[in-house]
Amino acid sequence: MMKYISTRGNAPELTFEDVLLTGLASDGGLYVPKEAPHYTLEEIESWRDLPYTELAHKIVYPFVEGCVDSDALKGMLEDVYNNTNFGHKAIAPLQQLDHNEYVLELFHGPTLAFKDFALQLLGRLLDYVVTRRQEKVVIMGATSGDTGSAAIEGTKACDNVDIFILHPYGKVSEVQRRQMTTVEGDNIYNIAIEGNFDQAQDMVKASFGDQSFLRGERKLVAVNSINWARIMAQIVYYFYSSLNLGGPLRPMAYSVPTGNFGDIFAGYMARKMGLPIEQLIIATNNNDVLHRLMSKNQYEVRPLKHTITPSMDIAVSSNFERLLFDLYDRDGAKLAGLMAKMNARDDVVSLDEDKLAKARELFDSLAVDEKTTVETMQLVFNETGYLLDPHTAIGVKAARECRRNPNIPMITLGTAHPVKFEDAVGRAGYEMPALPHHLTDLMEREERLSVLPADLETVQQLIADNTFRD
Ligand SMILES: *Cc1c(COP(=O)(O)O)cnc(C)c1O
């Protein structure tokens, strides 16, 4: 059975089940597998003809073994990665842009962004685990867009999970709001806060810190990208795309639109598990804390900037700690010291030169501003007739700038569908594309949400009232 350890070396080892239900480790670190499985090229090659669900079973099962039964996992994967749930039969199809240049379309899920890949599965896993334990849990989260809708869609069918998602009232796009508020399910609660995202986020943090409003009968579960189960599910499409383009017998390069470093860390894991990946490109918007670190060895947290790529608007990139853990030879004590310096934010922090050099063997980075993002959308549209979403456009730009070897296929992760990002599409001068066929009636569906003042007690009261309804 796989064990999970904290990056700061001072928290108990956990099983998958506990990692799923635990957010941060008690020492403030993030959980990672103690030992990742490793596959030979022959083994990986033998998976070439597997459909998405079967490949997913090969990759995911070793991480959950002992906690989730093999057949149960198979059932969940079939329930998630199918043509009813995903609007494309290949689940994660490749779109070619140029010779040896591709976009991996990860936006055919129910909420049109890659987060569905992980949150659809996470919902099923959570329900399976808490049902067996005869528990009920409460998911609470704040969202400025993609995560909330993906989490709601992923947990709508879970009997023993109530989900409360806070968003800033009037501050998310209409498509994004409707993707949250029109989902049917009596375990789903949308709370629109009369305030901004940070206030919503603060209320969530405060509630995790003091859960007494749940009267000890329920536990809060976090579904943000520090949850290991999300990374795990995202490893699969690196293998899938590589196998589709002749891997593992030839290496691939990936460019990943990055916010919290979750999606790209899954690529790093795939490589660690044996998949030949030559290069991973960290593509950021003007919230470029990671690009500054990678290019100048200066880690400095700056205030958040709001951009036309809101899903990458972050000030700190929490999953980067998982990479640092490996770079620092999995020395938890050393990492705890480094993280304390990095989180203190009163000074610019540098990594040891040899550690940075090690990271640079695999990773490159680029920060792309709004003007260049829009220009890249226009350029690619002129070249191919294909409209990129602005996040993916940042990935494509970084892929083209940072590419090391043109003979190696370059795959940019297509993280969202452009229809979700009206501002950027408008600025690039295009009409909004039509909603994909499974969402055509989104604008007519009935919405359900509660508008509340930005007041912690009021929000917690609503949660308590509805959580203990039975
Ligand atoms: C969440 C998100 C990202 C960033 O992914 P991370 O795992 O946080 O790096 C990029 N693009 C889109 C569209 C997203 O929703």
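Residues numbered from 1 in each chain as written. Predicted model: local features only at pLDDT ≥ 70, side-chain atom pairs only at ≥ 80, totals over all residues. Heavy atoms only, no water.

(A) Just the pattern of salt bridges, in detail. Using the criterion set out here, one finds 29 salt bridges in the structure. A salt bridge links D288 to R292; the nearest nitrogen and oxygen atoms lie 2.9 Å apart. Assessed through its relative accessible area of 14%, D288 is described here as buried. Classification of R292 as buried rests on a relative accessible area of 6%. (Salt bridge = Lys/Arg side-chain N within 4 Å of Asp/Glu carboxyl O. Buried < 20%, exposed > 50% of the residue type's maximum accessible area, 1.4 Å probe, protein only.)

(B) View of the layout of surface pockets. In this structure, the second largest pocket spans a volume of roughly 410 Å³. Of all elements in the fold, only α5 (115-132), α6 (146-155) and α7 (174-181) reach the threshold of two or more residues within the lining of the second largest pocket. With three residues, α7 is the single largest residue contributor to the lining of the second largest pocket. (1 Å grid on protein atoms, 1.4 Å probe; cavity = no way out; pocket = protein on both sides within 12 Å on 5 of 7 lines; lining within 4 Å. Points joined across faces, edges and corners; volume = space filled by probe spheres on them. Helix = DSSP H or I, 4+ residues; strand = E, 2+ residues; numbered from the N terminus.)

(C) The arrangement of the sheet that holds strand β3 (residues 94-98) in detail. What the six strands build is an open sheet, ordered β3-β4-β12-β9-β10-β11; its pairing is mixed. Here the strands that pair on one side only, and so sit at the sheet edges, are β3 and β11 (363-367). Each strand of the sheet is rotated relative to its neighbour by a mean of 25°, with strand direction disregarded. Note that strand β10 (residues 277-284) and β11 share five bridges and pair parallel. Within β11, the position partnered with T284 by the bridge is A367. Helix α10 (residues 262-272) contacts β9 (252-257), β10, β11 and β12 (410-414) of the sheet and is inclined by roughly 170° relative to β10. (Pairing = 2+ DSSP bridges. Axes fitted to C-alpha atoms, helices over the stretch in contact; angles between N-to-C directions. Contact = heavy atoms within 4.5 Å.)

(D) Highlighting the sheet that holds strand β6 (residues 161-168). Strand order in the open sheet formed by five strands is β8-β5-β6-β7-β13, with parallel pairing between adjacent strands. Each edge of the open sheet is held by one strand with a lone partner, namely β8 (219-221) and β13 (450-453). In this sheet, adjacent strand axes meet at a mean angle of 30° when their direction is disregarded. Inspection of the sheet shows strand β5 (residues 137-142) paired to β6 by six bridges, in the parallel sense. Across the sheet, V137 pairs through a bridge with V161, a residue of β6.

(E) Seen up close, empty space enclosed by the protein. Going through the model one piece at a time under the given rule, you end up with five cavities of 30 Å³ or more. Volume-wise, the largest cavity comes out at about 70 Å³. Along the lines of polarity and charge, the residues of the lining of the largest cavity split into five nonpolar, two polar and four charged. (Nonpolar A, V, L, I, M, F, W, Y, C, P; charged D, E, K, R; others polar.)

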